[in-house]
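Each chain, letter by letter, is given below.
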Amino acid sequence: MSLRPTLDFLLYQWLAAESLNQRERFADHSRETFDAVFDTCERIAREKFAPFNRLVDTQEPQFDGEKVILPQATHEAHKAYAGSGMLSAAQDYDEGGMQLPYTIEAAANCFFAMASVSIGSSLLTKGNANLLLVHGTEAQKEVFARNEFAGRFSGTMCLSEPQAGSSLSDITTRAVPDGDDFEAEPLGPRYRLKGNKMWISAGEHELTENIIHLVLAKIPGPDGKLIPGTRGISLFIVPKKMVGTDGQLTGERNDVALAGLNHKLGWRGTTNTLLNFGEGKYPVPSTGSGRPVAGAVGYLVGKPHEGLRCMFHMMNEARIGVGTAAVMLGMAGYYASLDYAKNRPQGRPVGPAGKDSAQPQVRIIEHADVKRMLLAQKAYCEGALALELYCARLVDEQHTAEAGPADDARLLLEVLTPIAKSWPSEWCLEANSLAIQIHGGYGYTRDFPVEQYWRDNRLNMIHEGTHGIQATDLLGRKVLMEGGKGLQLLAARIHSTMERASQVPELADYAKALGQALQQVGATTQAAWATGNPQDALANAVPYMQGFGHTVLAWIWLDVALAALQADATKSIAVTAGKLGAVRYFYHYELPKIDAWLQVVAARDLTCADLPEEAF
Ligand SMILES: Cc1cc2nc3c(=O)[nH]c(=O)nc-3n(C[C@H](O)[C@H](O)[C@H](O)COP(=O)(O)OP(=O)(O)OC[C@H]3O[C@@H](n4cnc5c(N)ncnc54)[C@H](O)[C@@H]3O)c2cc1C
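Residues numbered from 1 in each chain as written. Predicted model: local features only at pLDDT ≥ 70, side-chain atom pairs only at ≥ 80, totals over all residues. Heavy atoms only, no water.

Caption draft 1: Up close: the nonpolar core. Counting 139 residues, the largest nonpolar core has Leu-3, Trp-14, Leu-385, Leu-507, Phe-548 and Val-552 as its most contacted members. Beyond its immediate sequence surroundings of up to four residues, Phe-548 is in contact with Val-415, Ile-419, Leu-474, Val-479, Leu-487, Leu-490 and Val-521. Counting 32 residues, the second largest nonpolar core, distinct from the first, contains Ala-129, Leu-131, Phe-153 and Leu-216. (Core = buried A, V, L, I, M, F, W, Y, C linked by side-chain atoms within 4.5 Å. Buried < 20%, exposed > 50% of the residue type's maximum accessible area, 1.4 Å probe, protein only. Contact = heavy atoms within 4.5 Å.)

Caption draft 2: Local environment of the site of the ligand. Among the 17 residues in the neighbourhood of the ligand, the closest are listed as Met-157, Leu-159, Ser-160, Ser-166 and Thr-466. Here a nitrogen atom of the ligand sits 2.7 Å away from a polar atom, N or O, in the main chain of Met-157. Within the backbone of Trp-199, a nitrogen or oxygen atom sits 2.8 Å from a nitrogen atom of the ligand. About the coverage of the ligand: the protein hides 60% of its 970 Å² of free accessible area. With 3 residues, the single largest contributor to the shell around the ligand is strand 5 (residues 190-201). (Near = heavy atom within 4 Å. Polar contact = N/O pair within 3.5 Å; in protein donor to acceptor, adjacent residues only side chain to side chain. Areas by Shrake-Rupley, 256 points an atom, 1.4 Å probe, with all protein chains shown as cover. Helix = DSSP H or I, 4+ residues; strand = E, 2+ residues; numbered from the N terminus.)

Caption draft 3: Inspection of unusual backbone geometry at higher detail. With phi around 50 degrees, Glu-482 is a residue other than glycine that occupies positive phi space. As for its placement among the helices and strands, Glu-482 is situated in helix 14 (residues 481-502). The class for Glu-482 is partly exposed, based on a relative accessible area of 44%.

Caption draft 4: Representation of the side chain of Ser-337 within the structure. If you trace the backbone, Ser-337 turns up in helix 9 (residues 315-343). For Ser-337, a relative accessible area of 0% translates into the label buried. When residues no more than four places from it in sequence are discounted, the contact partners of Ser-337 are Leu-374, Gln-377, Ala-435, Ile-438 and His-439.

Caption draft 5: A look at the state of the cysteines. All told, the structure shown has 0 disulfides when counted by the stated rule. There is no disulfide at Cys-310, and the cysteine sulfur nearest it, in Cys-158, is 15 Å away. Overall, the relative accessible area of 1% leaves Cys-310 in the buried class. (Disulfide = S-S within 2.5 Å.)

Caption draft 6: How the structure looks around the packing of aromatic side chains. Scanning the entire structure with this criterion turns up 19 aromatic pairs. Taking the ring centre of Tyr-12 as reference, the NZ or CZ of Arg-31 above it sits at 3.6 Å. The lysine or arginine in question, Lys-579, covers the ring of Phe-9, its NZ or CZ lying 4.5 Å from the ring centre. (Phe/Tyr/Trp six-rings, centres within 6.5 Å; stacked < 30°, edge-to-face > 60°. Lys NZ or Arg CZ within 6 Å of the ring centre and 35° of its normal.)

Caption draft 7: Fine view of the packing of helix 1 (residues 4-14) against helix 10 (residues 368-400). Two elements in contact, helix 1 and helix 10, have axes separated by 11 Å at closest approach and are oriented at 45 degrees. Relative to helix 10, the element helix 1 lies oblique. Handedness of the helix 1/helix 10 crossing: right-handed. When helix 1 is examined against helix 10, the residues Thr-6, Leu-7, Leu-10, Leu-11 and Trp-14 are found in contact with a partner set consisting of Glu-382, Leu-385, Ala-386, Leu-389 and Tyr-390. (Axes fitted to C-alpha atoms, helices over the stretch in contact; angles between N-to-C directions. Parallel < 35°, antiparallel > 145°, perpendicular 65-115°, else oblique. Left-handed = near helix turned anticlockwise from the far one by under 90°.)

Caption draft 8: Looking closely at the pattern of salt bridges. Considering all chains together, one arrives at 41 salt bridges under this definition. In this structure, the salt-bridge partner of Lys-197 is Glu-161, at a minimum N-O distance of 2.9 Å. Pair noted here: Lys-197 is in strand 5 and Glu-161 is in the loop between strand 3 (153-158) and strand 4 (174-177), with a separation of 36 residues, a long-range link. The exposure class of Glu-161 is buried, given its relative accessible area of 2%. For Asp-559, the salt bridge is made with Arg-500, and the minimal N-O distance between the two is 2.8 Å. In this pair, Asp-559 is assigned in helix 17 (residues 541-567) and Arg-500 in helix 14, connecting sequence segments 59 residues apart. By relative accessible area, which is 42% here, Arg-500 ends up partly exposed. Where salt bridges share partners, they join Arg-4, Asp-8, Arg-31, Asp-35, Asp-39 and Glu-42 into one cluster. (Salt bridge = Lys/Arg side-chain N within 4 Å of Asp/Glu carboxyl O.)

Structure, rendered in structure tokens:
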């Protein structure tokens, strides 16, 4: 199975990605240049990533006391990816980039995520460098961001601490000015950081010359105490090895030490680390006395106390990236189980007279229940891929459309991003579970790849904001923000699809069902907030997000089906039957689930919230 036809259809037939070339920024591009990028990425993913997916799972990163050792294949995959120019694909020509639409960059990265999600940690490097392009000084861009885009340095995001994950306001890493002339440092105001950062992906390795940590820390107030809440948080660049203003390593090590590697359920190709900042393992000479002192050197990014704002700048794209990774793991499982189902003989069909054991066995794809599991995977994964690409297209709209549509895209993204991150994390994980089920006992062994896909995918409901935190963000903030305008914009887009679908005989009933679902989501949002008490409203935020997410996916599928029918008037089996089958599946088997989810939200059901601890 190849991903390419599905991607091509969604990009070119559904999202009209080629029309982006009419924008000045993308004027040099054409379908040919987009396709050339896909060809290259598909090839590198096939040659340098896919063959090593199992290897990086079994040969976990090891620390030999000095260095973290990764398989040679990871080094080669990293080199090939950086060499392809994909690290800076969407950047300006002036930055050495290809000025590709983000939609195309996101689609091209799908090949790598499907081949081996954990070999590449480029998402972090790109996010890190992108953030510096927006919030960094010229010197910070030159020394850090551009070397990250070039693949010389890699990047991390150091937010979490052992005692502060979801609640970043409770971080305790502190940053104090480094000497009286700390503001005179050419790379940005120079601070010394002390604290521990937990779960840091790609926090230590030898893949690149240097690792550029972006670290959230608090600058103490005049009384020496840390300012409570998120207001006190600032953002710092903390290089693993000290760098001069010419971008060359000075030969000094910064005071960042690996305290340990985390041994994970999946995603084992990427190191995950506990880092100690400023414990004195690698003291750095002080600017005044020149004496080596403890404290990791960090350069302030942006203004003090605005660290979270800077960090959140990159959140939409990071979350689309996480959602897309979840989709591609789901897709990998779908393709593997489809292949297995076409080849595994087992059982016989039941005819009116029962089973005829004299007949040869059938392949399991001929059993209705196996088909159900395959169609569920297809509906979850292809639907979620469409959603991710739709959101990626909104990112391009936000950055390159006229002011009005650009602002609409911004608001729509605000509302859709929690779904783009969470829906695939939950339902493409379920797809992976179904892929295991289709393999029967073999699926539960390490002889087949599907168990690894499930383990790798299980991360996605946890990082970049857990499921619970995303749901609270959706119901507690996103659907209410700017007077509910984001939700209204989404409703308008859904209505437009419904109107078109209601004119098409095979889709008219689904248009009606979607209208009812949308109405139910609106009424539920109001009912949840009827008392104005966040504890009532948010007690069932996850079921709300599930109902909301299924409604969004029902809309996406209906819109995709319209495009499929338009592109393929003959309704050929290969092109359209699968898409129409997935739409039918979604409306018959999935959309009805929203009743159960939304009812408890609308009733502000406190069954869970009110149960006393002792009763568990
Ligand atoms: C493999 C991996 C890679 C990671 N990479 C990075 C990285 O590169 N950089 C980085 O900074 N972090 C990283 N993380 C950290 C990740 O973002 C956190 O694990 C996540 O934010 C959750 O924090 P926590 O683990 O402390 O769990 P907690 O915050 O303790 O949450 C535990 C549970 O309680 C729930 N919960 C917590 N607060 C609330 C609330 N207010 N309302 C309702 N429910 C709540 C959560 O939803 C969750 O189910 C990574 C984690 C993993 C596992």
